[in-house]
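# Observations on chain architecture
As a plain string of letters, each chain reads:
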Amino acid sequence: MSTDTATPARTSPPPRETRRPGRLRRSWDKHWYAWVMVAPVVLVLGVLIFYPLGRGILLSFTNLTEANQLAEICSKSITGSEVCKPNPNAWEIVGVDNYVNLLTGKVGEFWRQFGVTLIWTVTCVVFHYGLGLGLAVLLNRPMRGRGLYRMLLILPWAVPAFVSAFAWRFMFNEQFGLINSLFESVGLDRVEWFADWKTALLTAIIANIWLGVPFMMVTLLGGMQTIPGEQYEAAEIDGATPWQRFVNITLPGLRSVSMTVLLLGFIWTFNMFPIIFLVTGGEPAGQTEILVTGAFRSAFEGIRNYSLSSTYGVLILSILLVFSVFYRRALRKQGEVW
Amino acid sequence: MTMTMAPGTTAGQSAPTPQTNKQSRAKRSPLASLGLHATLIGASLIAVFPIAWVVLSSFKPKQWVQSSELSLVKEPTLGNYEYVLFETNFPTWMLNSVIIALCTMVIGILMSATTGYALSRFNFPGRRKLMMVFLVTQMFPVAILIVPIYQIMATLGLINTHASLVIAYLTIAVPFCSWMLKGYFDSIPTSLDEAASIDGCGPFQTFWRVIMPLARPGIAVTAFYTFLTAWGEVAYASAFIQTDDRFTLAYGMQQFVPQFNAQWEYLTAAAVLVTVPAGLVFLYAQRHLVSGLTAGGTKG
């Protein structure tokens, strides 16, 4: 889509004061306006994201907590003047201790939370995609009331996530929630949703599926509308059944959109904070925490363990990076240029 | 399971134009048609019901909200709304949220517009890398940035201010806006740029005079989506803000439902007040939103 057609330059480094004036100079002359245009964002990314990221990674190698963050302890003497002594228990660099403690389970419950995160992410993404695709297929045809269905089905997306979280927590309330009342009225037992981690996680998953399907549906619907109609007509003339048309035309046509939204969906769900935080709140006893909420709690509840939370952060980021590298590689193998 | 509905139908999978409309509807057997509509109605009910339930509950007095007896409407009242609007800090939280979300939106868009344009139009060295960085920032868990940003804010004395939240939200908004806007600029034909450059416009003039006006719908949608993201953010707001008068909605509303003695009747009323304006504009904007998001995503 770029207008600039003849620009082979790929590997030339950013335009520093050039020692070899030839190529770099030409590159700067040619691209200076593009670089100027992206400069503010690059600056912001550097200052607001990569600088804190660097600090976060460094933090994960220390034992900094709320309790030992001061380098000096100052106390007021009787005369009112302040006396400061170096803090004997001040934080220090501890190498990879945090990682060892976290991964061996000495501190926190990393592996349990990792397992919950995986269940949570995979279940949510599978249902998001499956239901979104199904609804998109149903909507991708002329029929009465199409616009109305589309609007109604999109509604969950229009509600801010924290509001949806409250709504589902309200409906799953154990004493007077709608779901338990419905269960009772059809003769089932009421369920203590938040007493067991499985049912508690189920409530959060249901809430998240509910609010995530519209995005997939609308995106896939958009993708379907770019598939040329002649392909379907040709297939029909060849006597393909609707199922064959779906498998051989619709699915391949959606490939590139699907790959993008599946990756984004995986990443977003993996890091989905508000739903777990507000629907289950980790109940019972922190057993439904996912990694992100676990990290948040270690950083901002009780004695704030900043270094541990950073360790969590580095691990989560690494997991996602590794995942997307493999994901892209798998796609490349199948000839996807993306 | 919904997919099993597909075989029942024929033709008209594509091109939902008015001309093909009649023909394909005639082709669909009545049974298939019934199944199709039944499934869609079922799905729509599931989509709408939780929202409707919250709206209904917000009009009930406390004893009926917190009763296990099923009832759609019972002794409807506006008392909950009155309480939320006049007896709590809710209006202040709303104002805080509006200010923070507006600032995030304006700053985010202003900074990312030129970047989106450059990414869309120029094949400059570093372009692919920048696109990758935007993708990678999507992966940053809130956990890794929140502590360092918290400490930086503490050093600058900005904890418990609106500015700290705006800055934190920019870390989400700037990559997102650049990504989205690139998608919109991609959909504007490059022949317009060429025409402008023949007429003697430099790249900046072209951007400002030709492309920006054309991209206005896309910019509006991106702006709105950024606004909503900031509007609904929970983690930073819970960590950075400490006093009642500075809360945003996402954090303030948690005050209605503490572990014990939760006041669901007020929460539901507040939820409706938060959702109605945002939802209306969202429904208006979503058509454009999706095309931009997927365009940006697939043309990396």
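Shown above is the structure to which this text applies.
Description of the structure in this document. (Residues numbered from 1 in each chain as written. Chains lettered and ligands numbered in written order. Predicted model: local features only at pLDDT ≥ 70, side-chain atom pairs only at ≥ 80, totals over all residues. Heavy atoms only, no water.)

### Notes on the interface of chain A and chain B
Tallying the contact residues gives 113 residues for chain A and 115 residues for chain B. Regarding the contact of chain A and chain B, the summed buried area is about 10,300 Å², with carbon and sulfur atoms giving 76% of it. Of all residues in chain A, Met 37, Pro 142 and Phe 170 of chain A bury the most surface against chain B, accounting for 8% of the area lost on that side. In this structure, the connection of chain A to chain B is made through 0 salt bridges. Counting the contacts that link chain A with chain B gives 8 residue pairs in polar contact (both at pLDDT 80 or more). At 22 residues, helix H1 (residues 21-59) of chain A tops the list of elements feeding residues into the side of chain A that touches chain B. Taken together, the residues of the side of chain A that touches chain B sort by class into 77 nonpolar, 22 polar and 14 charged. (Contact = heavy atoms within 4.5 Å. Buried area = accessible area lost by both parts, 1.4 Å probe. Salt bridge = Lys/Arg side-chain N within 4 Å of Asp/Glu carboxyl O. Polar contact = N/O pair within 3.5 Å; in protein donor to acceptor, adjacent residues only side chain to side chain. Helix = DSSP H or I, 4+ residues; strand = E, 2+ residues; numbered from the N terminus. Nonpolar A, V, L, I, M, F, W, Y, C, P; charged D, E, K, R; others polar.)

### What about the nonpolar core?
Phe 162 of chain A together with Ile 146, Tyr 236, Phe 240 and Met 253 of chain B are the most contacted members of the largest nonpolar core, which has 188 residues in total. Examining the composition of this core, we find that 16 residues originate from one element, helix H7 (residues 197-224) of chain A, more than from any other. Here this core spans two domains, and each of domain 1 (30-77) and domain 2 (87-298) of chain B adds at least three residues to it. Residue contacts for Phe 240 of chain B: discarding those within four places in its chain leaves Ile 146, Ile 149, Tyr 150, Met 153, Ile 159, Asn 160, Ser 164, Leu 165 and Ala 168 of chain B. (Core = buried A, V, L, I, M, F, W, Y, C linked by side-chain atoms within 4.5 Å. Buried < 20%, exposed > 50% of the residue type's maximum accessible area, 1.4 Å probe, protein only. Domains from an automatic or database assignment.)

### Some words on the layout of surface pockets
Estimates place the volume of the second largest pocket at around 510 Å³. If you go around the second largest pocket, you meet 22 residues; those closest to its centre are Leu 131 and Trp 210 of chain A together with Ala 43, Ile 46 and Ala 47 of chain B. Residue assignment for the lining of the second largest pocket shows that the elements contributing at least two residues are helix H3 (110-139), helix H4 (146-158), helix H5 (161-171) and H7 of chain A together with helix H2 (30-58) of chain B. Looking at which element gives the most residues to the lining of the second largest pocket, the answer is H2 of chain B, with 7 residues. Class assignment for the residues of the lining of the second largest pocket results in 19 nonpolar, 3 polar and no charged. (1 Å grid on protein atoms, 1.4 Å probe; cavity = no way out; pocket = protein on both sides within 12 Å on 5 of 7 lines; lining within 4 Å. Points joined across faces, edges and corners; volume = space filled by probe spheres on them.)

### Concerning the side chain of Thr 248 of chain B
Residues and elements named next belong to chain B. Structurally, Thr 248 can be placed in the loop between helix H12 (235-240) and helix H13 (249-252). The buried category is assigned to Thr 248, whose relative accessible area is 4%. Setting aside residues up to four positions removed in sequence, Thr 248 forms contacts with Trp 93, Ser 97, Ile 100, Leu 165 and Ala 237.

### Comments concerning the environment of Gln 225 of chain A
Residues and elements named next belong to chain A. Relative to the assigned elements, Gln 225 resides in the loop between H7 and helix H8 (229-237). Overall, the relative accessible area of 43% leaves Gln 225 in the partly exposed class. Taking the C-alpha atoms as reference, Gln 225 lies 7.7 Å from Asn 140; in sequence the two are 85 residues apart. Contact partners of Gln 225, with chain neighbours within four places excluded, come to Asn 140 and Arg 146.

### Details of a nonpolar patch on the surface
A contiguous nonpolar patch, built from Trp 28, Trp 32 and Val 36 of chain A together with Phe 204 of chain B and spanning about 340 Å² of accessible area, is present on the exposed surface. With 3 residues, H1 of chain A is the single largest residue contributor to the nonpolar patch. Take Trp 28 of chain A: it is sitting in helix H1. (Patch = residues over 30% accessible without salt bridge, like charges linked within 9 Å, V, L, I, M, F, W, Y side chains within 5 Å. Areas by Shrake-Rupley, 256 points an atom, 1.4 Å probe, with all protein chains shown as cover.)

### Things to note about unusual backbone geometry
Residues apart from glycine generally show negative phi values, whereas peptide bonds are mostly found in trans. Residues other than glycine seldom take positive phi values, yet Asn 160 of chain B does so here, at roughly 65 degrees. Tracing the sequence through the fold places Asn 160 of chain B in the loop between helix H7 (142-156) and helix H8 (162-186).

### Some details on the packing of aromatic side chains
Applying the stated criterion across every chain, the model contains 44 aromatic pairs over all chains. Through a chain of ring-to-ring contacts, three or more aromatic side chains come together here, namely Phe 273, Phe 277, Phe 296, Phe 300 and Tyr 306 of chain A together with Tyr 150, Tyr 169, Tyr 236 and Phe 240 of chain B. Over the ring of Phe 326 of chain A we find Arg 329 of chain A, and its NZ or CZ is 5.9 Å from the ring centre. (Phe/Tyr/Trp six-rings, centres within 6.5 Å; stacked < 30°, edge-to-face > 60°. Lys NZ or Arg CZ within 6 Å of the ring centre and 35° of its normal.)

### Some thoughts on empty space enclosed by the protein
Per the stated rule, a full pass over the model turns up 7 cavities of 30 Å³ or more. The wall of the largest cavity is formed by 44 residues, among which Trp 268 and Met 272 of chain A together with Ile 172, Tyr 225 and Thr 229 of chain B lie closest to the centre. Here the element with the most residues in the lining of the largest cavity is H8 of chain B; it accounts for 6 residues. Looking at side-chain class alone, the lining of the largest cavity contains 29 nonpolar, 14 polar and 1 charged residues.

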